[in-house]
Amino acid sequence: EHGFALSPTHEELITALVRNELRSYRELPRTLYHFSNKYRDEIRPRFGLLRAREFIMKDAYSFHSDQASLDATYAEQAQAYGRICQRLGLDFYPVEADSGQIGGKVTTEFMALAEAGEAELVYCECGYAANTEIAAAGIEVLQYKPEEATSRQRIHTPIEGTIAALAEFLGVPEQATVKALAGRDANGQLSVLFIPGSHTLGDVKVERAIPGFSFLSDEEIANASLVKGYMGPVDLPAGIKVIADVSLRDLPRWVTGANERDYHYTGIAPGEDFTVDDWFDLSVAQAGDACPRCGRALKAARGIEVGQVFQLGTRYSEAMAASYMDQDGAEKPFLMGCYGWGVTRSLAAVVEQHNDEKGIIWPISVAPAEVCVIALSIGDELVHPQAEALAQSLAEAGLEVVLDDRDERAGVKFNDADLIGWPYQLIVGKRGLEAGIVELKTRASAERRELPLDNARDIVTKLVVEQRAVYRCGSSDFPTT
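First, a word on scope: everything that follows refers to the structure included in this document. Because the structure is a prediction, the values reported are computed rather than measured. (Residues numbered from 1 in each chain as written. Predicted model: local features only at pLDDT ≥ 70, side-chain atom pairs only at ≥ 80, totals over all residues. Heavy atoms only, no water.)

Time to look at the pattern of salt bridges. The tally for this structure, following the rule as stated, stands at 25 salt bridges. Of the charged contacts in the structure, one is a salt bridge between Arg152 and Asp273, with a shortest N-O distance of 4.0 Å. One end of the pair, Arg152, is in the loop between strand E6 (129–131) and strand E7 (153–156); the other, Asp273, is in the loop between strand E13 (263–268) and strand E14 (278–280), and 121 residues separate them in sequence. Between Arg468 and Glu370 there is a salt bridge, with the nearest N and O atoms lying 2.7 Å from each other. You can see Arg468 sitting in helix H11 (residues 453–472) and its partner Glu370 sitting in the loop between strand E20 (359–360) and strand E21 (371–375), a full 98 residues away along the chain. (Salt bridge = Lys/Arg side-chain N within 4 Å of Asp/Glu carboxyl O. Helix = DSSP H or I, 4+ residues; strand = E, 2+ residues; numbered from the N terminus.)

Structural data, given as structure tokens:
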């Protein structure tokens with residue numbers, strides 16, 4: 001009858017441990033790591049191993065006396081995570097990201113590209129990559145009919161109150177319009193947020209800019225004397241702030257709602273017709289936006305977050321009174337970093353990238369076994385003994401081998417071998433053995449070739465060793481944000 005806690009992550013636990021163990025700057029830096037089960041109360045567990053309530057993670061936590069030491073360990077961990085991605089055979093990007101509930105202001109996610117991924121990212125040929133939650137978007141905004149937009153005009157727009165309907169009615173692209181969303185911050189201050197009509201509002205960006213922001217319900221919009229679908233910055237009710245996306249600074253005159261049903265304004269200008277109280281980066285970046293580093297058009301993709309590194313600073317050490325004595329004899333809070341790798345999720349990410357219509361195509365670095373010896377006959381005096389002997393000799397040569405000696409038809413064994421995804425399949429049959437040969441199939445290329453039985457062990461061993469080397473040689477030739 002003891003109480004237990006199911007931990008979603010272990011920053012507090014490790015901080016409490018170190019608080020009682022490390023006392024002097026001479027003992028720093030120090031990094032602790034573990035592999036353990038994590039438990040998170042996901043509202044909607046889904047996508048197999050990608051979003052589960054229980055999963056295996058590798059975590060590391062580092063403790064430092066100065067920022068330079070933290071920076072060095074952070075870079076080392078990030079490089080190691082990049083090499084893990086390479087050795088898993090993943091097509092990946094290290095991306096700028098949001099630290100979420102973990103905390104800290106410096107973080108990098110390692111994103112495996114996959115259509116099944118829950119995360120969205122944008123990237124550029126120059127090396128810039130970021131989660132769309134925080135990516136800086138160079139948004140091209142267009143002025144509505146410049147020859148007609150030199151002053152404010154009130155236009156009757158008897159349409160459904162959506163940006164798409166408005167753009168179609170006016171005969172302009174959506175990026176020539178401005179959309180509005182209403183909400184309140186943690187203190188109850190009402191605001192209307194304005195962003196380019198072609199983009200969506202970023203929840204993470206809004207939370208960063210306006211802590212505690214929440215959208216108004218339809219009833220609350222009406223109670224605030226606002227008109228849903230027709231909100232604009234001109235003649236807003238008293239006390240409501242106007243907050244705009246930074247990209248709209250480049251738009252001299254806007255197209256917005258007129259705060260009256262079925263009416264919009266064109267040609268209204270900030271500073272002339274209304275005042276913007278605050279400018280923030282609020283819009284979600286998307287393909288075609290300008291890269292914040294080089295100005296080229298961003299590309300978009302979906303990804304699976306397999307790892308993330310953080311600089312936590314003193315968030316946990318200050319809150320938990322975890323300190324050390326520096327060289328001057330003063331007590332100071334540890335500077336901390338944490339580094340998490342999703343072991344279970346990585347398995348799913350590899351499968352998402354390495355498959356075809358027949359099943360999985362495991363990279364040899366993570367395959368359950370490197371070679372599957374398939375015996376086409378069982379219980380006879382030729383095929384079965386030779387298949388066992390061949391499997392044994394490959395294992396003695398240092399290969400990871402599985403022997404399929406099930407009493408099943410050949411077609412079932414072939415299909416299962418492709419489905420499971422063994423990198424190499426060595427097929428042993430009566431007809432081949434009578435001719436002194438076995439057949440080798442390479443799963444990734446579907447190539448089949450006959451091997452002399454006497455040389456099969458050496459040929460297959462050489463192939464496996466060469467493939468191991470391909471994945472083992474992880475480099476550091478990739479950017480870390």
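On we go.
In terms of burial, strand E5 (residues 119–123) is a largely internal element, four of the five residues being buried. The sheet contact formed by E5 and strand E15 (residues 299–313) spans five bridges and is antiparallel. In the strand pairing of E15, Val122 is matched with Ala300. For E5 and E6, the ladder comprises three bridges, and the chain directions are antiparallel. Paired with Leu121 across the bridge in E6 is Asn131. If you look at the hairpin formed by E5 and E6, you'll find five residues sitting between the two strands, and Gly127 has a positive phi there, around 110 degrees. (Buried < 20%, exposed > 50% of the residue type's maximum accessible area, 1.4 Å probe, protein only. Pairing = 2+ DSSP bridges.)

Attention now goes to the pairing of strand E2 (residues 54–64). Most of E2 sits inside the fold, with nine of its 11 residues counted as buried. Where strand E1 (residues 30–39) and E2 come together, 10 bridges link them in antiparallel fashion. Looking at the pairing, Leu32 lines up with Tyr61 of E2. Summarising the sheet, E2 and strand E18 (residues 335–342) pair through eight bridges and their orientation is antiparallel. Bridge assignment links Tyr61 to a residue of E18, and that residue is Cys338.

Two elements in contact, helix H8 (residues 383–396) and H11, have axes whose closest approach is 10 Å; the angle formed by their N-to-C orientations is 35 degrees. The way H8 lies across H11 gives a crossing that is right-handed. Between H8 and H11, the contacting residues are Gln386, Leu390, Ser393, Leu394 and Glu396 on the first element and Leu453, Ala456, Arg457, Val460 and Thr461 on the second. Classifying every residue of the contact of H8 with H11 gives five nonpolar, three polar and two charged. (Axes fitted to C-alpha atoms, helices over the stretch in contact; angles between N-to-C directions. Left-handed = near helix turned anticlockwise from the far one by under 90°. Contact = heavy atoms within 4.5 Å. Nonpolar A, V, L, I, M, F, W, Y, C, P; charged D, E, K, R; others polar.)

For Ile304, the location among the structural elements is in strand E15. Judged by its relative accessible area of 2%, Ile304 is buried. In this structure Ile304 touches Leu50, Phe110, Met111, Ala112, Ala114, Gly117, Arg345, Ala349 and Glu352, once residues within four positions along its chain are discounted.

Among the structural elements, Thr108 can be located in strand E4 (residues 106–113). Side-chain polar atoms of Thr108 contact the side chain of Tyr74, separated by 2.9 Å. (Polar contact = N/O pair within 3.5 Å; in protein donor to acceptor, adjacent residues only side chain to side chain.)

Strand order in this open sheet of five strands is E10-E8-E9-E11-E14, and the pairing throughout is mixed. At either margin of the open sheet sits one strand with a lone partner, and together these are strand E10 (214–215) and E14. As defined by bridge partners, strand E9 (residues 190–196) adjoins strand E11 (residues 241–245) across four bridges and the pair is classed as parallel. What sits directly across from Val192, in E11, is Val242.

If you trace the five strands from one edge of the open sheet to the other, you get E22-E21-E23-E24-E25, paired in mixed fashion. The open sheet is flanked by strand E22 (401–404) and strand E25 (448–452), the only strands paired with a single partner. Neighbour-to-neighbour, the strand axes of the sheet open up by a mean angle of 25 degrees, direction not taken into account. Bridge analysis of strand E24 (residues 437–442) against E25 gives five bridges, and the strand direction is antiparallel. By the bridge assignment for E25, Lys441 is matched with Arg448. On top of the sheet, helix H9 (residues 410–420) reaches E21, E22, strand E23 (424–428) and E24; it is set at about 170 degrees to E21, its chief contact.

A word on helix H2 (residues 67–87). For H2, which comprises 21 residues, the first-to-last C-alpha distance of 30 Å matches the rise-based estimate of 30 Å (1.5 Å per residue) to within 8%. Listed as buried for H2 are Ser69, Leu70, Thr73, Tyr74, Gln77, Ala78, Gln79, Tyr81, Gly82 and Cys85. Contacts made by the buried residues of H2 are with E1, E2, strand E3 (92–96), E4, E15 and E18. Between the side-chain oxygen at the start of H2 and the backbone nitrogen of Ala68 there is a gap of 3.2 Å, and the oxygen is on Asp66. (Expected span 1.5 Å × (residues − 1).)

Right, let's talk about the nonpolar core for a bit. Counting residues in each nonpolar core, the largest one holds 36 residues, and the members touching the most others are Tyr128, Val192, Phe194, Leu226, Leu248 and Trp254. Going through the elements one at a time, strand E8 (178–184), E9, E11, strand E12 (254–260) and E13 are the ones with two or more residues in this core. In terms of residue count, the dominant contributor to this core is E9 (three residues). Those residues within four positions of Leu226 in sequence are excluded, and the remaining contacts are Ala182, Val192, Leu216, Ile221, Met231, Leu236, Pro237 and Ile240. Within the second largest apolar cluster, 24 residues are counted, among which are Leu50, Ala60, Leu70 and Ala78. (Core = buried A, V, L, I, M, F, W, Y, C linked by side-chain atoms within 4.5 Å.)

Take helix H3 (residues 163–170) next. All of the buried residues in H3 are Ile163, Ala165, Leu166, Ala167 and Leu170. In the core, the buried residues of H3 are packed alongside E8, E12 and E13. Positive backbone phi, at 70 degrees, marks Gly171, one or two positions downstream of H3.

Taken together, the side chains of Tyr33, Phe35, Ile56 and Val343 make up a nonpolar region of the molecular surface, amounting to roughly 420 Å² of accessible area. Within the secondary structure, Phe35 sits in strand E1. Taking relative accessible area as the criterion, Phe35 reaches 56% and is therefore assigned exposed. (Patch = residues over 30% accessible without salt bridge, like charges linked within 9 Å, V, L, I, M, F, W, Y side chains within 5 Å. Areas by Shrake-Rupley, 256 points an atom, 1.4 Å probe, with all protein chains shown as cover.)

What follows is about the environment of Leu298. One can find Leu298 in the loop between E14 and E15. Counting along the chain gives 170 residues from Leu298 to Tyr128, while the straight-line C-alpha distance between them is 9.0 Å.

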